[in-house]
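Overview (structure and organization)
Residues per chain are reported as follows:
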Amino acid sequence: MAPSSDRMGRVLVVPLVLLVLCFSVEGVDRGNFKTCEQSAFCKRQRELKPSQSPYRALLDTLELSDSRITLQLINDNNKVRLLLELYRLQGNMTRVKINELKPLRPRYEVRDVLIADPPTKPMTVVSQDENGVVLSLGENEQRLIVSAQPFRLDIVEGPEVLLSLNSRGLLAFEHLRLRKDTISQKITSTFGSMWDSIKSVFSSKGDIEGAGGSDNAKNEGDKVEEGEEEEKPGMWEETFKTHSDSKPNGPTSISLDFSFPGVKHVYGIPEHAETLRLKNTHGTDPYRLYNLDVFQYELHNPMALYGSVPVIISHNAQRTMGVFWLNAAETWVDITSSTLTTFGKMLEFVQGSSEVPQTDVRWISESGIIDVFIMLGPTPSDVFTQYASLTGTQAFPPLSTLGYHQSRWNYNDQEDVKAVDQGFDEHDIPYDFIWLDIEHTDGKRYFTWDPQKFPQPKEMLQKLMEKRRKMVTIVDPHIKVDSGYKIHSEIGSKNFYAKNKDGADYEGWCWPGSAGYPDFTNPEMRAWWASQFAYDQYKGSMENLYTWNDMNEPSVFNGPEVTMHKDALFGSWENRDVHNLYGLYVHMATAEGLIQRSGGTERPFVLSRAFFAGSQRYGAIWTGDNAAEWGHLKISIPMCLSLGLVGISFCGADVGGFFKHPSAELLVRWYQAGAYQPFFRSHAHLDTPRREPWLFGPENTALIREAIRQRYALLPYWYQLFYNAYRTGQPVMRPLWVEFPEEPATFAIDNEYLIGKHLLVHPVTDEGAKSITAHLPGKGEVWYDVHTFQKHKGTQNLHIPVTMSSIPVFQRGGSIISRKDRIRRSSSCMENDPYTLYVALSAQGTAEGELYIDDFHTFNFEKEKQFIHRRLYFSNNVLTSSNLAPDSKFTTAAWIEKIIIIGATRPSSVSTKAKDGAASAVEFDFDSTASVVTLHKPDLNAGTDWTVTLQ
Ligand SMILES: *[C@@H]1O[C@H](CO)[C@@H](O)[C@H](O)[C@H]1NC(C)=O
């Protein structure tokens, strides 16, 4: 939940007013959130226009070790030196780090996001002269060119420039310095008489450049110039609304530009309520990355939302690349697309003056260092693999969490939970999880239950367990300041709270009233937090209770921009340095708690609202507090696609919309779309009318039931895709261009998408829609309507009529998808149910797919290789099931009850043959209008080798 904005003052007085106002305020209060102009460092940086860079590489400082090159850079305006480190990493990646050579104090370097020190490969100097150095990156004549003056980096492959850094001269590094008005005292004690001899070179209005570089000043020929960097407003203090930021370290921001020649399309940098393809930010604000609790967010603007992944992906028909800007401070990203006639004049071997598109991306962060990973692809799949090798892959969720989740703020009490649970049975609708929001707690004290409303939580959970269903309760990171609350007193006594700038425990206002914010950057704090999920600590919890972390940006109702003050402290680091990591750390500690409570056996499920690069390792995320509007339904697709591109596959949006009340039509359409998105949960604001699926009349109940049933039927496919995402880092939900990278017509499509490689979904997202136009990609491909088996050819824009029951989904010719067509109460009830194989033939009469089976909830698939992974392959009229993991060991009772071969001709007979068995005939039907052969009861085990032959 997000608080409303301008009522914070009132909240302090009358918390109840909050809820009323939450609901009456229309749209985001933009005034509550900074524009670039209002963010002092963004303003300073953006005033810097492309020009010749003042930085020069000092080639005589070059040092080459096996895998690393270091080189000093000097800013000729202020003589401050930077240290550049270049690494060639395994798998077509280059890492570029830039820090001050001798910072006054260490600058923050992001921790806990990379899964390991990325393995390096040797780099060699190809040539070197007074203009620069050429380094070999090994693959395909890829070279890294360091130009000395002005300093820039170019990555080239043969004659082609793939990417340039600082080609627009926007490298800007605000070095740490001492404050002018406090210099005399501080410097005298620090530097003594040495300082006295230096300071005379500064004019009265000049800054203290030499302080950061007092060593530099001693270097021959590096005289400190006067007046180069004037004091600008907001360098040492900044006020926004009623909040002041003390900025004890002064200006610390950094910036660097990247140019992608030949590129028109860039994607990524979630989270924004924006199209899949990122827009030009010329004339608007840059895209902002600063985790914030934004009340009723607006669509199509660059404002920051709840989470941040600083990864941008470029794509054209030849190549996909990525840039990962590893920085957790407030960050702004400018994107400029243009068409140039020439580029890279300094590269003699770049020929011609043909017109080339180019996209320029500029990153600006408030603190930290420049630490960039350049992922050179060349395919989309390579970029996903490269990024996964840095930050890890999607956690493999328990199967049940891929089912349907029923949530609202709030299910009132145990009776309510029971009634809703029964409602699903009465209306024959499957679901796996029912959710409890903040009202289930004893006064917003997380890890507790309201003694009146939820007096017997275990009894409630036990009843759900008997139906093989589960529950999620919310556990937020703001901790009620209350000496009688064990969680608070322990965190306090262990000194685990984040501090304010003066060193006292930071306190802010959130749901419980006055609240503390644990320092989740501290590993001891995280270990303690994890221990609180033990069954004997979290009273009333059981193994079918899972967790939801909300408000972990963190949300601070009375803080600047509804979050924590920048100068709040996490150990020796400011919130300024680590802000975007808070949500990731909360998610990490919570997931660890759920793993530990089972002794390391069970896979956890934790939903988080805030996130950062690497959050995929800890569970699911959702797109926060959306609204019951058609535009919000539409935007859920590009928002989840953008997250999938940067590693976070387990994404969903609140079905129905959180704020406001959906019409029956919108609700039905949202269920139909949500059933085909990775995380499928309905959720609603406290003040909205109830909206369980059966409250909109029998016709709509039937439509919603059908959408949810389609989800359950497809669970085997979803599960296999999540296994694949976990193993390989490939996204579950994919933009069309990922599978059709050479077809420019797909590059900007974001009203339809692929699930894995094989299912194309075009949900109906327009009110009153009578038809849709689906783009079916792929020259020579065929696509089958999954409901009618009608065959369509790619490439085409297919116009089809729709009714309220339509969910346009197409199976790609050449694929085999496993479903379970007997739908039951929950996914757990369906675990051993038989499979139906949908074999959709390509134009060449072939098809392939995979089937993955395990115990659906533990880590035994990993620890003991307890899983089945099969390849299904159809060719020359023979369907074969073969083992993709010969050393795995698991057996299943599940069998294949039906095989449906789509796009086939009538066989004269069909026989099956299990390994070491005799051939036996199988009954079949042939539908000549749809060209579908249906094999009945082939009597084959889902986990063994067999063949089916059509004659
Ligand atoms: C690296 O790039 C080359 C082509 O430039 C490609 O053939 C190879 O598959 C890539 N390797 C990885 C691990 O992405």
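Refer to the structure presented above.
Described in the following lines is the structure provided in the data block. The numbers attached to residues start from 1 for each chain and follow its sequence in the written order. Per-residue local features of the predicted model are confined to residues with pLDDT of at least 70, and side-chain atom pairs are confined, for both listing and counting, to 80 or more; whole-chain, interface and lining totals are unaffected and use all residues. Hydrogens and water are ignored here; the side-chain numbers use all heavy atoms of the structure.

As a further point, take the nonpolar core. Side-chain atoms within 4.5 Å are what join buried Ala, Val, Leu, Ile, Met, Phe, Trp, Tyr and Cys residues into a set we call a nonpolar core. Burial classification: accessible surface area is computed with a 1.4 Å probe over protein chains only, and a residue below 20% of its type maximum counts as buried, one above 50% as exposed, and the rest as partly exposed. The biggest cluster of nonpolar side chains holds 213 residues, and the ones touching the most others in it are Phe324, Trp529, Val839, Ile899 and Ile901. Residues count as neighbours in contact if any of their non-hydrogen atoms are within 4.5 Å of one another. For Val839, the contacting residues outside a window of four places in its chain are Ser815, Ile816, Ala847, Phe874, Leu879, Ile899, Ile900, Ile901 and Ile902. Formed by 49 residues, the second largest nonpolar core is a distinct cluster that contains Leu86, Leu144, Leu153 and Tyr287.

Further remarks concern the pairing of strand β2 (residues 68–75). Numbering of helices and strands starts at the N terminus; helices are DSSP runs of H or I of at least 4 residues and strands are runs of E of at least 2. Buried residues dominate β2, accounting for seven of its eight residues. Strands qualify as paired when DSSP identifies two bridges or more between them. Sheet analysis places strand β1 (residues 55–64) next to β2, joined by six bridges and oriented antiparallel. Note on β2: the bridge partner recorded for Tyr55 is Asn75. Here β2 runs beside strand β3 (residues 81–89); their pairing, made up of seven bridges, is antiparallel. Within β3, the position partnered with Leu71 by the bridge is Leu84. Connecting the antiparallel pair β2 and β3 is a turn made up of five residues, with Lys79 showing a positive phi of about 70°.

The sheet built from three strands is open, its strands ordered β24-β26-β25 with antiparallel pairing. The two strands at the open ends of the sheet, each matched to only one other strand, are β24 (479–480) and β25 (507–510).

Quick look at the pattern of salt bridges now. Here, a salt bridge means any Lys or Arg side-chain nitrogen found within 4 Å of an Asp or Glu carboxyl oxygen. Within the structure shown, the criterion is met by 55 salt bridges. Salt-bridge contacts for Lys43 lead to Glu47; the nearest nitrogen and oxygen are separated by 3.5 Å. Remark: Glu47 and Lys43 occur in helix α3 (residues 40–47); sequence separation between them is four residues, near one turn of the helix. Notably, a salt bridge pairs Glu831 with Arg468, separated by 3.9 Å at the nearest N-O pair. Residue Glu831 is found in the loop between β42 (815–819) and β43 (835–840), and its partner Arg468 is found in the loop between α10 (457–466) and β23 (470–474); the two are separated by 363 residues along the sequence. Take Arg468: its relative accessible area is 41%, and that puts it in the partly exposed class. Three or more residues are tied together by salt bridges with common partners; here these are Asp245, Arg288, Glu330, Glu366, Glu561, Lys566, Glu574 and Arg576.

Strand direction decides the pairing type here: strand β15 (residues 287–289) and strand β18 (residues 331–340), joined by three bridges, are antiparallel. Bridge pairing links Tyr287 to Val333 in β18. Two strands pair when backbone bridges link them, and β18 and strand β19 (residues 356–365) are joined in this way by 10 bridges, in the antiparallel orientation. Bridge pairing in β19 places Thr339 opposite Pro357.

This part takes up the environment of Tyr723. With respect to the secondary-structure elements, Tyr723 resides in helix α18 (residues 715–728). A C-alpha to C-alpha distance of 20 Å links Tyr723 and Ser826, two positions 103 residues apart in sequence.

Bringing the packing of helix α12 (residues 523–531) against helix α14 (residues 582–597) into the picture now. Axis geometry follows a simple rule: fit a line to the C-alpha atoms, using only the stretch in contact for helices, then measure angles between N-to-C directions, giving values from 0 to 180 degrees. At a minimum axis separation of 7 Å, α12 and α14 run at an interaxial angle of 45°. Between α12 and α14, the angle is such that the two are oblique. The chirality of how α12 crosses α14 is right-handed. Along its contact with α12, which presents Arg526, Trp529, Ala530 and Ser531, the element α14 presents Tyr585, Val586, Met588, Ala589, Thr590, Glu592, Gly593 and Gln596. Counted by class, the contact of α12 with α14 contains six nonpolar, four polar and two charged residues. Here roughly perpendicular refers to angles of 65 to 115 degrees, roughly parallel to angles under 35, roughly antiparallel to angles over 145, and oblique to all remaining angles. Each crossing is labelled by how the near helix is turned from the far one, with a counterclockwise turn of less than a right angle marking it left-handed and a clockwise turn marking it right-handed. We call Asp, Glu, Lys and Arg charged. Ala, Val, Leu, Ile, Met, Phe, Trp, Tyr, Cys and Pro are nonpolar, and the rest, Gly among them, are polar.

We now examine the state of the cysteines. Covalent bonding between the sulfur atoms of two cysteines is what defines a disulfide. Only a pair of cysteine sulfur atoms within 2.5 Å qualifies as a disulfide here. For the structure on display, the rule yields two disulfides. Disulfide pairing is shown between Cys36 and Cys42; the S-S distance is 2.1 Å. Its torsion about the S-S bond being -100°, the disulfide of Cys36 and Cys42 is classed as left-handed. The disulfide partner of Cys640 is Cys651, and the S-S distance across this bridge is 2.1 Å. Across the disulfide from Cys640 to Cys651, rotation about the S-S bond amounts to roughly -75°, and the bridge is consequently left-handed. Here Cys640, found in helix α15 (residues 630–645), pairs with Cys651, found in strand β32 (residues 651–652); they are 11 residues apart in sequence, far enough to count as distant. No difference in accessibility class separates Cys640 from Cys651, as the two residues are buried. Disulfides within the chain link the bonded cysteines, taken in sequence order, as 1-2, 3-4.

Every residue lining the ligand is accounted for by Gly91, Asn92, Asn140, Gln142, Glu157, Gly377, Pro378, Asp382 and Gln386. Two N or O atoms form a polar contact when they lie within 3.5 Å of each other; inside protein one atom must be a possible hydrogen donor and the other a possible acceptor, and for residues adjacent in sequence the pair counts only when both atoms belong to side chains. One of the side-chain N or O atoms of Gln386 is found 3.1 Å from an oxygen atom in the ligand. Areas reported as accessible are Shrake-Rupley estimates using a 1.4 Å probe. Residue values count occlusion only from the protein chains shown. When the free accessible area of the ligand is taken as 360 Å², the share hidden by the protein chains comes to 61%. Classifying every residue of the shell around the ligand gives one nonpolar, six polar and two charged. The near set for a molecule or strand comprises every residue that places at least one heavy atom within 4 Å of it.

The next thing to look at is the packing of aromatic side chains. Geometry of aromatic contacts follows a simple scheme: Phe, Tyr and Trp rings, the Trp one being its six-membered ring, pair when their centres are within 6.5 Å, and the pair is stacked under 30 degrees between planes, edge-to-face over 60, tilted otherwise. Going through the model one piece at a time under the given rule, you end up with 53 aromatic pairs. Taken together, a centroid distance of 5.0 Å and an interplanar angle of 70° make the contact between Tyr108 and Trp573 edge-to-face. Highlighted residues: Tyr108 in the loop between β4 (93–100) and β5 (124–129) and Trp573 in strand β29 (residues 573–574), separated in sequence by 465 residues. Taken together, a centroid distance of 6.1 Å and an interplanar angle of 50° make the contact between Tyr404 and Phe424 tilted. Taken together, the residues Tyr404 in strand β21 (residues 404–406) and Phe424 in helix α9 (residues 414–426) connect sequence positions 20 residues apart. The class for Phe424 is buried, based on a relative accessible area of 0%. Each member of the aromatic cluster is reached from another via a ring pair, and the members are Phe433, Trp435, Tyr546, Trp548, Phe605, Trp622, Phe650, Phe679 and Phe722. As a reminder, the over-ring test applies to NZ of lysine and CZ of arginine, requiring each to be within 6 Å of the ring centre and within 35 degrees of the ring normal. The cationic tip of Arg711 hangs over the ring face of Trp718; the distance from NZ or CZ to the ring centre is 4.4 Å. Taking NZ or CZ as reference, Arg871 lies 4.5 Å from the ring centre of Tyr873, over its face.

With 16 residues, α15 ought to run about 22 Å at 1.5 Å a step, and its terminal C-alpha atoms sit 24 Å apart, in line with that. Fitting axes to the seven residues ending at a residue and to the seven starting there, one defines the bend at that residue as the angle between these axes. The principal kink in α15, of about 25°, is found at Ser636, preceding the proline Pro638 by one to four residues. Most of α15 sits inside the fold, with 14 of its 16 residues counted as buried. The positive-phi residue at the C-terminal boundary of α15 is Gly647, with phi of around 95°. A helix is expected to span 1.5 Å for every residue after the first.

Attention shifts here to the side chain of Thr623. Within the secondary structure, Thr623 is located in the loop between β31 (620–622) and α15. If we ignore the near neighbours within four places in the chain, the residues touching Thr623 are Glu271, Tyr297, Tyr306, Met639, Cys640, Cys651, Gly652 and Ala653.

As a further point, take α12. Of the positions making up α12, those classed as buried are Met525, Arg526, Trp528, Trp529 and Ala530. The residue sitting at the N-terminus of α12 and contributing the capping side-chain oxygen is Asn522; that oxygen lies 2.8 Å from the backbone nitrogen of Glu524.

Right, let's get into the sheet that holds β21. Taken in spatial order, the eight strands of this open sheet run β32-β31-β30-β27-β23-β22-β21-β33, and their pairing is parallel. Strands at the two margins of the open sheet, each flanked by one partner only, are β32 and β33 (680–682). Relative to β33, β21 runs parallel, the two sharing three bridges. Across the sheet, residue Gln406 finds its bridge partner in β33, namely Ser682.

No statement about biological role is implied by the geometric values presented.
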